[in-house]
Amino acid sequence: MVIGRKLSVVQSGCSIAAAVLTFLFCSIVGNLNTAQAALNQWQNINLGDTQDNGWALNFGDVNGDGWPDAVGNRIVFINPGSGDVTSGWQTKQVPGGHKGYFLYDVDRDGLADIIANTLTNLYYLHTNDASVSGFTSHTVATNIVPDHNTFEGYIMADLVKGGNGHLEVVVAYLNKNWVMYRIPDNPEGTWPSVRIVANGEDEGIGVGDVDGDDELDVAGGQDVLWWKNPGDGSGDWQGHRVGDVTGKGVDRCRIADLDGDGDQDIFTVCDAENNNVAWFENPGDPTSTNWTTHTIERVNGQGHGGAVGDLDCDCDIDLIAGTTTGAFETKVYENDGQGNFTTFKVPENGDLHNTGRIIDIDNDGDLDILGIGWLNHNLRIWRNDNEQVDPCGCCKDIQPEGECEPDAARRAAEPRFEFGWNGPHKLRLLDSRGRTVDLRMSESGRIIDSSTFSGTSGVYYLVAERDGILRKKRVAIVR
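Computed from a predicted structure; not experimentally measured. (Residues numbered from 1 in each chain as written. Predicted model: local features only at pLDDT ≥ 70, side-chain atom pairs only at ≥ 80, totals over all residues. Heavy atoms only, no water.)

(A) Representation of the sheet that holds strand β16 (residues 224-228) within the structure. With antiparallel pairing, 4 strands are arranged side by side in an open sheet as β14-β15-β16-β17. This sheet does not close on itself; its edge strands, each paired only once, are β14 (206-208) and β17 (238-243). When the angles between neighbouring strand axes are averaged without regard to direction, this sheet yields 25 degrees. Two strands pair when backbone bridges link them, and β14 and strand β15 (residues 217-220) are joined in this way by 3 bridges, in the antiparallel orientation. Counted as the bridge partner of Gly206 is Ala219 from β15. (Pairing = 2+ DSSP bridges. Helix = DSSP H or I, 4+ residues; strand = E, 2+ residues; numbered from the N terminus. Axes fitted to C-alpha atoms, helices over the stretch in contact; angles between N-to-C directions.)

(B) Geometry of the sheet that holds strand β7 (residues 113-118). Strand order across the open sheet formed by 4 strands is β6-β7-β8-β9, with antiparallel pairing between neighbours. The sheet terminates laterally at β6 (99-104) and β9 (135-141), the two strands that pair on one side only. Averaged over all pairs of adjacent strands, the angle between strand axes in this sheet comes to 25 degrees, irrespective of strand direction. Both β6 and β7 contribute to a ladder of 5 bridges, which runs antiparallel. Residue pairing for β7: Tyr104 is matched across the bridge by Asp113.

(C) Here's a closer look at the pattern of salt bridges. All chains considered together, the criterion is met by 13 salt bridges. Note that Lys228 and Asp211 form a salt bridge whose closest N and O atoms lie 2.6 Å from each other. Highlighted residues: Lys228 in strand β16 and Asp211 in the loop between β14 and β15, separated in sequence by 17 residues. The partner of Arg383 in a salt bridge is Asp385, with the nearest N and O atoms 3.0 Å apart. On the accessibility criterion, Arg383 (14% relative accessible area) is buried. Each of Glu297, Glu329, Lys331 and Lys345 takes part in a single network of salt bridges with overlapping partners. (Salt bridge = Lys/Arg side-chain N within 4 Å of Asp/Glu carboxyl O. Buried < 20%, exposed > 50% of the residue type's maximum accessible area, 1.4 Å probe, protein only.)

(D) Structural context of the nonpolar core. Core analysis: the biggest nonpolar cluster contains 23 residues, and Ile115, Leu122, Met156, Val169, Tyr181 and Trp191 have the highest contact counts within it. When contributions to this core are tallied by element, the ones reaching two or more residues are β6, β8 (121-127), β9, β10 (154-157), β11 (168-172) and β12 (178-182). With 3 residues, the single largest contributor to this core is β6. (Core = buried A, V, L, I, M, F, W, Y, C linked by side-chain atoms within 4.5 Å.)

(E) Structural context of the environment of Asn164. Its place among the elements puts Asn164 in the loop between β10 and β11. Residues Asn164 and Pro184, 20 residues apart in the sequence, show an inter-C-alpha distance of 7.7 Å. Reaching out from Asn164, the side chain makes a polar contact with the backbone nitrogen of His166 at a distance of 3.2 Å. Among the polar contacts listed, one links the side chain of Asn164 to the side chain of Asp185, at a separation of 3.2 Å. (Polar contact = N/O pair within 3.5 Å; in protein donor to acceptor, adjacent residues only side chain to side chain.)

Here's what the structure looks like:
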């Protein structure tokens, strides 16, 4: 099988066939889904204390330099913009004793702001300038009753079509309700909210298009359910049963295609009496009760922390999970493309609690693991130093939670290089050292054309940013 790919990750060994800046193709012979490389090479990097247990962790570009920064509990970690990310991180205190749950460009000024929680209030903390000299606090919701006085379940996603272009925030309450907050045009006032799930669980929330109707649904619960998104911003979504998890319930939940059949499956990590790492196979009609349960393993300790992403660039979705008691270990589950998994431990084991995340933190084209533990409050990176099965990136779109688009031949035939966003977003072209060489807004995601680019031939990074979400491609430019 020969796979073509437009303007993507181009590394040594790949032949470049391009005119100027428009299309590059990289050919690979062989079935990528049958090639596997052991996911056992991880560099442990300790970024320092987050001043609380592992509740909150998320990413965005807080200073507008094109590199993903992190907010973990009470600390903002500013990416040094160097390839190995082992040193040079700056830290900023989240004001007011708040815990930061999201970095997101609330006011659309090009800098990610903080969405935070303390006790019964939700806050929008405006980033004052690109030097991150401080934050201006706005209370946007009150009378929140989260578990442990902070959230254990929280997501941000495009859940309402035809709105003002903002993502929506969903948090899990102590009474097991999931409440969606919408960011108004004036974000400094109260954010309107609606309950979308009653009697779910005060833990992890999965988000993805379970029924294939182009609306993002949610999943999780005391047992496993998914709730259908009506798409209009209304509340009390219809729930559909998936399977049984004996014990306390689902601690972490993610939605992804784990067996490569084109529909969305559900991945869970459970705690208390269960402690199973498992996935539930979509039967094709997700409203039926014919989901098949696949238990990967019962972990040694309470299961916490879980995320999904293509960690070895072989066009299937791998998994991570951690434990908060017992062995205090973090594991990687390598997918063979059909939902069968091989287990690896990451070095210097430590739990992930609520915070296991997969993101390309060093802008090198593969996904890394980040997490904060229950007992170990430090933010840690497990940098991905593994062999990449697809070194030309012919099937990969790097973005938060590692979504993969394997139909590379179809994408290569499309008329332009896009990041999948409609409407304006910021594009930066960075050189191999991470320095910005071109900056502009784009409606389509089209790469900078040769008539306006004054640089030399070489390898560059194209970084797109919208609403605090970063997407990146490594591109070769031939002049």
